[in-house]
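A look at the structure
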Amino acid sequence: EDQVTQSPEALRLQEGESSSLNCSYTVSGLRGLFWYRQDPGKGPEFLFTLYSAGEEKEKERLKATLTKKESFLHITAPKPEDSATYLCAVQASRTYKYIFGTGTRLKVLA
Amino acid sequence: DVKVTQSSRYLVKRTGEKVFLECVQDMDHENMFWYRQDPGLGLRLIYFSYDVKMKEKGDIPEGYSVSREKKERFSLILESASTNQTSMYLCASSSSDTDTQYFGPGTRLTVL
């Protein structure tokens, strides 16, 4: 069964304290892995798409990496405005469906 | 920039009412999706469409129907709203080239 597990469920960081969020997945044939940021009461905002193991993408303080079993979202020197829920999703190669994790709630304290 | 818009940000309806949620995308995407999002359950797929007039059931289609008469527009219909359909509803679209989904702002539906 295709599955996505995100950890930790919640994370509190001091401003400037770097950390990583984990997305473990089980899927038969990965078509793509997606990271989103979601603020309370709003729709998810697209961050990154990764297609194959070894791929990395960066945007400002965020860097996403991908292996055959998991993806990491590294946050370098976070700021309070990085506080949000971060969602991971995978798409299997045989289907149009996307499987979402339940997210990591990140709180960055000033 | 990709833009996905949803007809309402907040909606309050009564049990038994027929409810229409509309989604419009401006990027000529082939694929469109409706999800609901509930605390602790994450995003669950209700229906999706990969072409005009085509639709496929997602994981939780019961109590919902959809319509896609034009490429840019995908409607979700609650035939007879019930309190357990109170939720955040999210529409998304994607191109078959990249598969990246872009989401709308969401509709918070409350059924009383």
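Residues numbered from 1 in each chain as written. Chains lettered and ligands numbered in written order. Predicted model: local features only at pLDDT ≥ 70, side-chain atom pairs only at ≥ 80, totals over all residues. Heavy atoms only, no water.

1. Brief notes about the pattern of salt bridges
Short version of the rule: Salt bridges are counted wherever a side-chain nitrogen of Lys or Arg sits within 4 Å of a carboxyl oxygen of Asp or Glu. Secondary structure follows DSSP: runs of H or I at least 4 residues long count as helices, runs of E at least 2 residues long count as strands, and numbering of each begins at the N terminus. The cut-offs for exposure are 20% and 50% of the maximum accessible area for each residue type, with area from a 1.4 Å probe on protein chains only; residues under the lower value are buried, those over the upper are exposed, and the others partly exposed.
Applying the stated criterion across every chain yields a total of twelve salt bridges over all chains. A salt bridge links B:D99 to A:R31; the nearest nitrogen and oxygen atoms lie 2.7 Å apart. Placement of the pair is B:D99 in the loop between β9 (87-94) and β10 (101-103) and A:R31 in strand β4 (residues 30-38), with the two residues belonging to separate chains. Relative accessible area serves as the criterion here: at 32%, A:R31 is assigned to the partly exposed category. A salt bridge links B:E69 to B:K53; its shortest N-O distance comes to 2.5 Å. With B:E69 in strand β7 (residues 64-70) and B:K53 in the loop between β5 (42-49) and β6 (56-57), the pair connects residues that are 16 residues apart, well separated along the chain.

2. What to know about the interface of chain A and chain B
Condition: The criterion used for residue contact is that any of the two residues' heavy atoms lie within 4.5 Å. Buried area: the accessible area, evaluated with a 1.4 Å probe, that two parts lose upon being put together, summed over both parts. Here a polar contact is recorded for every N or O atom pair within 3.5 Å, except that within protein the pair must consist of a potential hydrogen donor and a potential acceptor, and residues adjacent in sequence are included only if both atoms are side-chain atoms. Any residue that is not Ala, Val, Leu, Ile, Met, Phe, Trp, Tyr, Cys, Pro, Asp, Glu, Lys or Arg is counted as polar, Gly included; the first ten are nonpolar and the last four charged.
Taken together, the contact between chain A and chain B spans 18 residues of the former and 27 residues of the latter. Between chain A and chain B, roughly 1700 Å² of surface is buried when both sides are summed, and carbon and sulfur atoms account for 56% of that area. Three residues, A:Y96, A:K97 and A:Y98, lead the burial of chain A against chain B; their summed loss comes to 34% of the area buried on that side. Counting across the chain A and chain B interface gives two salt bridges. Across the contact surface, chain A and chain B share eight residue pairs in polar contact (both at pLDDT 80 or more). Broken down by secondary-structure element, the contributors of at least two residues to the side of chain A that touches chain B are β4, β5 (45-50), β9 (84-92) and β10 (98-100) of chain A. Ranked by the residues each element gives to the side of chain A that touches chain B, the list is headed by β4(A), at four residues. Broken down by class, the residue content of the side of chain A that touches chain B amounts to nine nonpolar, six polar and three charged.

3. Concerning the environment of A:I75
Residue and element names in this part refer to chain A. Here I75 lies in strand β8 (residues 70-75). By relative accessible area, which is 2% here, I75 ends up buried. C-alpha separation for the pair I75 and Y51, spaced 24 residues apart in sequence, amounts to 20 Å. Residues within four places of I75 in sequence aside, it is in contact with S18, S19, L21, R61, L62 and L106.

4. Quick notes on the state of the cysteines
Working definition of a disulfide: a covalent bond connecting the sulfur atoms of two cysteines. Formally: Disulfides are defined as pairs of cysteine sulfur atoms found within 2.5 Å of each other.
Scanning all chains against the criterion turns up two disulfides over all chains. In this model, A:C23 is linked to A:C88 through a disulfide, with the two sulfur atoms separated by 1.9 Å. One quick way to see it: the torsion about the S-S bond of A:C23 and A:C88 is about -60°, and its sign makes the bridge left-handed. Of this pair, A:C23 sits in strand β3 (residues 19-26) while A:C88 sits in strand β9; the two residues are 65 residues apart in sequence, bridging distant segments of the chain. Here the two residues A:C23 and A:C88 agree in accessibility, since each one is buried. Here B:C23 pairs with B:C91 through a disulfide, and the sulfurs are 1.9 Å apart. Looking along the S-S bond of the B:C23-B:C91 disulfide, the torsion reads about -75°, which is the left-handed sense. A residue pair is termed long-range when its members are at least 10 positions apart, and B:C23 in strand β3 (residues 19-25) and B:C91 in strand β9 qualify at 68 residues. By the burial criterion, B:C23 is buried, and B:C91 matches it.

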